[in-house]
Amino acid sequence: MPIAISTQLAVGISVDIQRSDGRVHSAVISGVNEQSSSVTVEWFEHNETKGKELDIDAILRLNPHLQAVEPAKEKEPVSRVKRPKSTAEAVTVAQTPVSRISSGINRKSYIPGRPTSSHNIRKDADDCVTAPVTVKKDPAAGRKANPRKSNVVKEIEKIQEQREQRRAAASKPQSHAGVDKSHPHWQFLDMIEEYREQLEFSPLRLDDVIEDHQICVCVRKRPLNKKELNRRDVDVATIPTRHDVIIHEPKQKVDLTKYLENQKFRFDYAFDENADNQMVYRYTAQPLVQCIFQGGMATCFAYGQTGSGKTHTMGGEFVSKGQQNCEKGIYALAARDVFKLMQSKYRSENLLVSVSFFEIYSGKVFDLLNNKLKLRILEDGKGQVQVVGLKEESVANSEQVLKLLSSGTQVRTSGQTSANQHSSRSHAIFQLILRKNVRNRPLHGKFSLIDLAGNERGADTSSADRQTRMEGAEINKSLLALKECIRALGRKGAHLPFRASKLTLVLRDSFIGDNARTCMVSAVH
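Residue positions within a chain follow its written sequence, with the count starting from 1. Owing to the predicted nature of the model, reporting of local features is limited to residues with pLDDT of at least 70; listing and counting of side-chain atom pairs is limited to 80 or more, with chain, interface and lining totals taken over all residues. With hydrogens and water set aside, each side-chain value is computed from the structure's full complement of heavy atoms.

Please explain the overall build of the protein as it appears in this structure.
Looking only at helices and strands, the protein has 15 helices and 22 strands in total. By residue count, 37% of the 525 residues in the protein fall in the buried class. Expressed as a percentage of contacts within the protein between residues at least 6 apart in sequence, the contacts between residues at least 24 apart total 62%. Surface accessibility in these figures is a Shrake-Rupley result with a 1.4 Å probe; residues are shielded only by whichever protein chains are displayed. Accessible surface for the protein amounts to roughly 32000 Å². Of this, 50% is attributable to carbon and sulfur atoms. Only DSSP runs of H or I with at least four residues qualify as helices, and only runs of E with at least two residues qualify as strands; both kinds are numbered from the N terminus onward. Buried residues are those whose accessible area, probed at 1.4 Å on protein chains only, stays under 20% of the maximum for their type, while exposed residues exceed 50% and partly exposed ones sit between those limits. By the convention used here, residues are in contact when the closest approach between their heavy atoms is within 4.5 Å.

Structure (structure tokens):
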């Protein structure tokens, strides 16, 4: 800013300013900043003092009388020639800077002796023809004024620009290379894949260390089956490490923006979809086999929603509809290890092995090794829970155990639901019992392997008949009682509500005692 102009603007001078809404009123200059070519003004409005920072050019446009002008130069002689009557008017107007023209029209000139009114200018043009005068045009004079923006305005413009960029990115969907855009949920699939790319995977391996737990809680993920793949379901579970499970929950905001909520859970062991029954058995039921040879009570549960893979984990894989290969289930694997330890480490203990296999269906107990004979559960005089009439089969090797498992599995109660075509509708309890080979054959240890019936949501059984709904209600009731007993096990000294259902009543021995160990395998899909 030239000094000649800045000397006209001083603190305390009253000037006209224009507000952002177009109003023009007077204000007092409270500060002048020549470096930024701006002034600070203040005014009194609505019983309070307000202030604003304005560019000097904006002040001078409304207050032209504050502009400093250069001293008047001596007039150059101008040749005047009377205009001939026979020719048209020929007036050549000298090129004048825009700023001087605008200032000469909008304000009065204070140069003495020089006519500035429009009447005198027209009169001179009529009387004579002005010789062309070449004036060098100032390039800065015609340049459009660019008033300086305040920091607040710059910040607002920056936020607006970022908002436009986000909207443009949202309107142009991008996906990873492996995502099928024809999938109805391809956007959520893309978010899940993007999240998984940021994780470091170190899954559980067969050579990892086995930890010792009195209560062990594990989770096993089942891969999507053919029905779910044809239905184009989304895999929302990720197991990156041996302890962690991440559930991806699709969400949608009020403005219909889709996003992903990732919830992380921690377990003693986490088995991904690539883990087989041998690996699951190594970290869950195998550490409990040693316990029963030391006079303890061991229990292993398979818990989860119907169709999540509980029966596959405990009994083995299905080779056809209703036919199960029991050789690769936890039942058979535990029986093999029991006989191995009996023939090697505990040969001198003189122990006998027997098995029992029964189910609990709708609050009633049936023997699967004795033509589904209905049994009763009573307490003896010592307070011990006894399953009256339960048949125990003595076995000498694992092959005999497999035959009993196969026959018992075929008569187990199962049904078809909307969630699973071959759903187990009862709790199957397979027990490996060690007794001392003496006269009364007292109990030495017991290993209970339980394939629980699948819990169900009301939405999954809405189309079922009354019988199926009654079964689901009884299943959920017994599972709730089991959950309360396991919770009480975690709080040492707390009351164990094992009488809440027939399931927990039968398993009372597994809940009471210092030498009782429990493992739960939660199946998810």
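Where do I start with the pattern of salt bridges in this structure?
For side chains bearing opposite charge, pairing can occur when the charged atoms are close. Salt bridges are identified by distance alone: a Lys or Arg side-chain nitrogen within 4 Å of an Asp or Glu carboxyl oxygen. All chains considered together, the criterion is met by 25 salt bridges. Note that R23 is salt-bridged to D21, the shortest N-O span being 2.8 Å. When its relative accessible area of 38% is taken as the criterion, R23 is described as partly exposed. For R242, the salt bridge goes to D208, with nearest N and O atoms at 4.0 Å. Of this pair, R242 sits in the loop between β6 (237-238) and β7 (244-252) while D208 sits in the loop between α6 (186-197) and β5 (215-221), and the two are 34 residues apart along the sequence.

Explain the environment of I450 here, please?
Mapped onto the elements of the fold, I450 is located in strand β21 (residues 443-451). Residue I450 is classed as buried on the basis of its relative accessible area, which comes to 0%. Each residue touching I450, except ones within four places of it in the same chain, is listed here: T299, C300, F301, A302, M314, Y331, A428, I429 and L507.

Would you mind showing me how to read the packing of aromatic side chains here?
Working definition: an aromatic ring pair is given by the centre-to-centre distance plus the angle between the planes. Only Phe, Tyr and Trp rings take part, Trp by its six-membered ring, and two of them pair if their centres are within 6.5 Å. Stacked means planes under 30 degrees apart, edge-to-face means over 60, and tilted covers everything else. Counting across every chain of the model gives 7 aromatic pairs. Note on Y331 and F430: the rings are 5.2 Å apart at their centroids and 45 degrees apart in plane angle, and the pair reads as tilted. On the criterion of sequence distance, the pair formed by Y331 in helix α11 (residues 330-343) and F430 in strand β20 (residues 427-436) is long-range, its members being 99 residues apart. A connected cluster of aromatic rings, assembled from ring pairs, spans Y269, F271 and Y283. The side chain of K253 reaches across the aromatic face of Y259, ending 5.7 Å from its centre. Here, a charge over a ring is recorded when the distance from Lys NZ or Arg CZ to the ring centre is within 6 Å and its angle to the ring normal is within 35 degrees.

Explanation requested: the pairing of strand β13 (residues 351-361) in the structure shown.
If a strand is regular, its side chains alternate between the two faces of the sheet. Taking burial as the measure, the 11 residues of β13 include 10 buried ones, the bulk of the element. Strand pairing is assigned whenever DSSP detects at least two bridges linking the two strands. With 10 bridges joining them, β13 and β20 adopt antiparallel strand pairing. In the sheet register, V353 faces β20, and the bridge partner there is L434. Pairing of β13 with strand β17 (residues 393-394) involves 2 bridges; the strand directions are antiparallel. The residue of β17 that forms the bridge with S354 is S394. Sheet analysis places β13 next to strand β14 (residues 364-367), joined by 4 bridges and oriented antiparallel. Residue pairing in the sheet places I360 in a bridge with V365 of β14. The hairpin turn running from β13 into β14, its antiparallel successor, is 2 residues long, and S362 in that turn takes a positive phi close to 55 degrees.

What's the story with the confidence of the model for the protein in this structure? I'm lost.
Predicted coordinates in areas of low pLDDT are best not read in detail. Per residue, pLDDT captures the predictor's confidence, and it can take any value from 0 to 100. Model confidence for the protein is summarised by a mean pLDDT of 78, while 77% of its residues fall at 70 or above. Ranking the elements of the protein by mean pLDDT puts helix α3 (residues 98-106) last, at 39, and strand β9 (residues 269-271) first, at 95. Note that residues 1-6 has pLDDT below 50 and, in this model, 9 contacts with residues that lie over four places away or in other chains. Note on residues 139-145: pLDDT is under 50 here. Beyond four places in sequence and across chains, it has 3 contacts.

I tried to follow the environment of H243 on my own but got confused; where do I start?
Positionally, H243 belongs in the loop between β6 and β7. H243 sits in the buried class, given a relative accessible area of 13%. Separated by 40 residues in sequence, H243 and P203 place their C-alpha atoms 8.6 Å apart.

Can you help me understand the nonpolar core in this one?
Within soluble globular proteins, side chains that are nonpolar tend to cluster in buried spots. In this structure, F271, F293, F430, F447 and L449 are the most contacted members of the largest nonpolar core, which totals 50 residues. Looking at this core element by element, the count peaks at 10 residues for α11. Not counting residues within four places of it along the chain, the set of residues in contact with F271 comprises L204, C218, V219, R220, K221, I239, M279, V280, Y283 and T284. Definition used in this section: a nonpolar core is a set of buried Ala, Val, Leu, Ile, Met, Phe, Trp, Tyr and Cys residues joined via side-chain atoms within 4.5 Å.

In this structure, what is going on with the sheet that holds strand β8 (residues 258-266)? I would like to understand it.
In any sheet, the strands associate via hydrogen bonds between backbone groups, in a parallel or an antiparallel arrangement. Pairing is antiparallel across the open sheet formed by 3 strands, whose spatial order is β6-β7-β8. A single partner strand is all that each edge strand has here, and the edge strands are β6 and β8. For β7 and β8, the ladder comprises 9 bridges, and the chain directions are antiparallel. Residue pairing for β8: P250 is matched across the bridge by L260. The strands that α6 touches are β6, β7 and β8; relative to β8, the one it contacts most, it runs at about 45 degrees. Fitting a line to C-alpha atoms yields each axis, with helices limited to the stretch in contact; the angle taken between N-to-C directions then spans 0 to 180 degrees.

Is there a simple way to explain the sheet that holds strand β4 (residues 48-55) in this structure?
Strand order in the open sheet formed by 4 strands is β1-β2-β3-β4, with antiparallel pairing between adjacent strands. Every interior strand has two partners, whereas the edge strands, β1 (14-18) and β4, have only one. Between one strand and the next, the sheet's axes are offset by a mean angle of 45 degrees, whatever the strand orientation. Where strand β3 (residues 38-45) and β4 come together, 8 bridges link them in antiparallel fashion. What sits directly across from V39, in β4, is L54.

Would you explain the packing of helix α9 (residues 286-293) against α11 in this entry?
When two helices pack together, you describe them by how their axes are tilted relative to each other and by the distance separating the axes. Following both chains from N to C, one finds α9 and α11 inclined at 45 degrees, their axes separated by 10 Å at the closest point. The angle between α9 and α11 falls in the class oblique. For the pair α9 and α11, the crossing hand works out as right-handed. When α9 is examined against α11, the residues Q286, V289, Q290, I292 and F293 are found in contact with a partner set consisting of D337, V338, L341 and M342. Gly falls in the polar group here, along with every residue not listed as nonpolar (Ala, Val, Leu, Ile, Met, Phe, Trp, Tyr, Cys, Pro) or charged (Asp, Glu, Lys, Arg). Tallied by class, residues from the contact of α9 with α11 come to 6 nonpolar, 2 polar and 1 charged. For classification purposes, angles smaller than 35 degrees are called roughly parallel, those larger than 145 roughly antiparallel, those between 65 and 115 roughly perpendicular, and all remaining angles oblique. Crossings are sorted by hand: turned counterclockwise from the far helix by less than a right angle, the near helix makes the crossing left-handed, and turned clockwise it makes it right-handed.

Got a minute to help me understand the environment of K391 in this structure?
As for its placement among the helices and strands, K391 is situated in the loop between β16 (385-388) and β17. Of the residues examined, K391 reaches a relative accessible area of 32% and is grouped as partly exposed. Put simply, K391 and L369 are 22 residues apart on the chain and 6.9 Å apart in space, counted from C-alpha to C-alpha. Setting aside residues no more than four positions away along its own chain, K391 makes contact with V355, S356, D367, L369 and N370.

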